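# Residue-level structure breakdown
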Amino acid sequence: MPTITFIEPDGTQREVAAREGQSVMQVAVENAVRGIEADCAGSCSCATCHGYVDSDWFEKLLPAERMEQEMLEFAIDTTSLSRLTCQLRVTADMDGLVVRLPQSQA
Amino acid sequence: MLNQIVIVGASHAGVSVAFKLRDLGYTGRIVLLGDESGVPYHRPHLSKQYLLHGLDKDALMQRPATLFEQHAIGYRDDARVEQVDLQKRQICLHDGCTLNYDALVLATGAKLKPLPAVLGVQKATNVYGLRTLADAQRLQTALCPGSHLCVVGAGYIGLEVAAVARQRGLNVTVIEHSAQILSRVACSQTAQRIRELHQTQGVRILEGSGLQQVRMVDDQVTQVLLSDGQILQIDALLVGIGVEPRVELAQQAGLQIDRGICVDAFTRTSDPHVWAIGDCASVLLKTGRQRLESIQNAVDMAAVAADTLLGGTQTYNPIPWFWSDQYESKLQTVGLNHGYTHVVERDSGSDSWSVWYFKDQQLLSVDALNDPRAFMLGKRWLTAAKSPDIQQLSDSSILLTAVALLPNQ
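Residues numbered from 1 in each chain as written. Chains lettered and ligands numbered in written order. Predicted model: local features only at pLDDT ≥ 70, side-chain atom pairs only at ≥ 80, totals over all residues. Heavy atoms only, no water.

### A closer look at the overall build of chain B
Looking only at helices and strands, chain B features 11 helices and 28 strands. Compactness check: chain B gives a C-alpha radius of gyration of 22 Å against a globular reference of 22 Å for 409 residues, within 12% of the reference. Counting only C-alpha atoms and orienting by the principal axes, one finds that chain B spans roughly 65 × 60 × 35 Å. Here chain B holds 409 residues, and 54% of them are scored as buried. Intrachain contacts of chain B at a sequence separation of at least 6 include 59% that bridge at least 24 residues. As presented, chain B carries roughly 17600 Å² of accessible surface, and 48% of it is formed by carbon and sulfur atoms. (Helix = DSSP H or I, 4+ residues; strand = E, 2+ residues; numbered from the N terminus. Rg over C-alpha atoms; globule rule 2.2 N^0.38 Å. Buried < 20%, exposed > 50% of the residue type's maximum accessible area, 1.4 Å probe, protein only. Contact = heavy atoms within 4.5 Å. Areas by Shrake-Rupley, 256 points an atom, 1.4 Å probe, with all protein chains shown as cover.)

Dropping the structure here:
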């Protein structure tokens, strides 16, 4: 089972077990990781599951499709490493993925 | 200091307020009572992915059961509250148990409007509604490829189910008694886009058409007679004509009711120890008192309630937003279009499109079809109380980000 490390807004590191096929957002919600809201429960409709992917990992992920890209363009505090975690599907080779969560999702 | 907060209703608003209270540091008891069986689940998925291709348990649940325990949220399913006693500050459950509360949160949601009794379909076994997981499981059994589904009501639920059923190979007819689909919420331009989406997939949409009569064989509806005289042979009927807020407990208890359980800006009811949030509550907006039936409303009201339950002074000032998935398209709306005087359409090429509702120069609302930029910018501008320059907005060759903004008067 791949392990994902979330860095919560206050800096706390949470290493959690992920299941292949679920979204990174689901992993966070199931483990009560702070800093994720996920209001639309993974429908790519709210941009409140936003996270910063560690730079070592960003290029390894399947790139964002148009809807996610456009949601991200105007989400809060985004950087070039931003992704909507509901659009990241966990695979076995994501073991060790690190995602930092923003100060605010609103 | 509150020792016991009781929450009646464990869908989005109820679950949200429970976890928010813990987030804010509340350490007293929380009892969360849901009248459905099992772990609280995501309602929006029911008319979309769940019906289309099923969903595993984990994807359907709002949170795993263990999380409720870990956060000391005393969740009870199959718990029906029969009565609220405001004087004793006590509720009574269907099994006779009573629970005292220091603060009570009503998150009782809404229930489906049934077809008029005069149609006589109360005992029909092929008439369906869609509100709960049990409804969705039942509706699944009717989604047989090649069969004919008649959807009554062309609001969001009716249209989402029509899309799913069509994708699953059913023949679908949508009947809408008003002159236009989505008449409650959208302008004719949005209705036209959505109508086309369905028609190009082979769904029949009959507007200005109501159910006059049905014919039944044994306990099945086999034919419907429409107000324009058409007769349809059907295999199943989905009723999507809207909901009523569940205010019975509040009403019996003596709380103020008007289009829902009345709340103030702090989400408090007419009783100082009772809050109401989500689909059951009516809020006072600039345009009057109304309910907002959405995830956004449930979650944001829950956040205000959690704050004010613990002595805070946050107020609920919503910029309502909503989404609907039909076929491969996503409709996103933000704001409220009541009282609009005109609209501006923007065609961003391919299948992206948006319509912007104005009252004179002031932006009220946006409908965005496959156009998240329009949705997100509309949300940002509405939140900042700014309005885009109408001339520039009307010119699709000008990027949204380049459109001049004016503060609202």
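Next comes the rest of the description.
### Considerations on the pattern of salt bridges
The final tally for this structure, using the stated rule, is 19 salt bridges over all chains. The shortest N-O distance in the salt bridge between A:Glu30 and A:Arg19 comes to 3.2 Å. Pair noted here: A:Glu30 is in helix α1 (residues 24–30) and A:Arg19 is in the loop between β2 (13–17) and α1, with a separation of 11 residues, a long-range link. Assessed through its relative accessible area of 31%, A:Arg19 is described here as partly exposed. Two residues, B:Lys48 and B:Glu160, come together in a salt bridge whose shortest N-O distance is 3.1 Å. Here B:Lys48, found in the loop between β2 (29–33) and α2 (49–53), pairs with B:Glu160, found in helix α6 (residues 156–167); they are 112 residues apart in sequence, far enough to count as distant. Residue classification places B:Glu160 among the buried residues on the basis of a relative accessible area of 2%. Salt bridges linked by common partners bring A:Arg66, A:Glu70, A:Glu73, B:Asp351 and B:Arg373 together as one network. (Salt bridge = Lys/Arg side-chain N within 4 Å of Asp/Glu carboxyl O.)

### Regarding the interface of chain B and chain A
Listed as interface residues are 28 residues of chain B and, on the opposing side, 21 residues of chain A. When the buried area of chain B at its contact with chain A is split by residue, B:Pro372, B:Arg373 and B:Met376 rank highest and sum to 26% of it. The interface formed by chain B and chain A contains five salt bridges. A salt bridge links B:Asp23 to A:Arg34; the shortest N-O distance between them is 3.5 Å. One can count 10 residue pairs in polar contact (both at pLDDT 80 or more) joining chain B with chain A. Of all elements in the fold, only α3 (57–60), α9 (295–309), β22 (321–326), β23 (329–335) and α10 (372–383) of chain B reach the threshold of two or more residues within the side of chain B that touches chain A. Here the residues of the side of chain B that touches chain A are counted per class, giving 11 nonpolar, eight polar and nine charged. (Buried area = accessible area lost by both parts, 1.4 Å probe. Polar contact = N/O pair within 3.5 Å; in protein donor to acceptor, adjacent residues only side chain to side chain. Nonpolar A, V, L, I, M, F, W, Y, C, P; charged D, E, K, R; others polar.)

### Side note on unusual backbone geometry
In the Ramachandran plot, A:Cys44 falls in the positive-phi region, its phi being about 55 degrees despite a non-glycine side chain. Within the secondary structure, A:Cys44 sits in the loop between α1 and β3 (50–53). For A:Cys44, a relative accessible area of 8% translates into the label buried. Residue B:Arg259 is not a glycine yet carries a positive backbone phi of 65 degrees. Mapped onto the fold, B:Arg259 is located in the loop between α8 (248–253) and β18 (261–262).

### A look at empty space enclosed by the protein
Residues and elements named next belong to chain A. Under the defined criterion, the tally for this structure stands at one cavity of 30 Å³ or more. By volume, the largest cavity amounts to about 30 Å³. Looking at the largest cavity, the residues that line it are Ala38, Cys40, Gly42, Cys44, Ser45, Cys46, Ala47, Cys49, Leu84 and Cys86. (1 Å grid on protein atoms, 1.4 Å probe; cavity = no way out; pocket = protein on both sides within 12 Å on 5 of 7 lines; lining within 4 Å. Points joined across faces, edges and corners; volume = space filled by probe spheres on them.)

### Describing the sheet that holds strand β4 (residues 82–84) of chain A
Residues and elements named next belong to chain A. Sheet architecture is open: five strands sit in the order β2-β1-β5-β3-β4, paired in mixed fashion. Each edge of the open sheet carries a strand with a single partner, namely β2 and β4. Across this sheet, the average inter-strand angle for adjacent strands is 35 degrees, counted without regard to direction. Taken together, the five bridges between strand β1 (residues 3–7) and β2 define a ladder with antiparallel strand orientation. Bridge assignment links Thr5 to a residue of β2, and that residue is Glu15. Sheet strands touched by helix α3 (residues 66–73): β3 and β4. Its angle to β4, the strand with the most contacts, is close to 120 degrees. (Pairing = 2+ DSSP bridges. Axes fitted to C-alpha atoms, helices over the stretch in contact; angles between N-to-C directions.)

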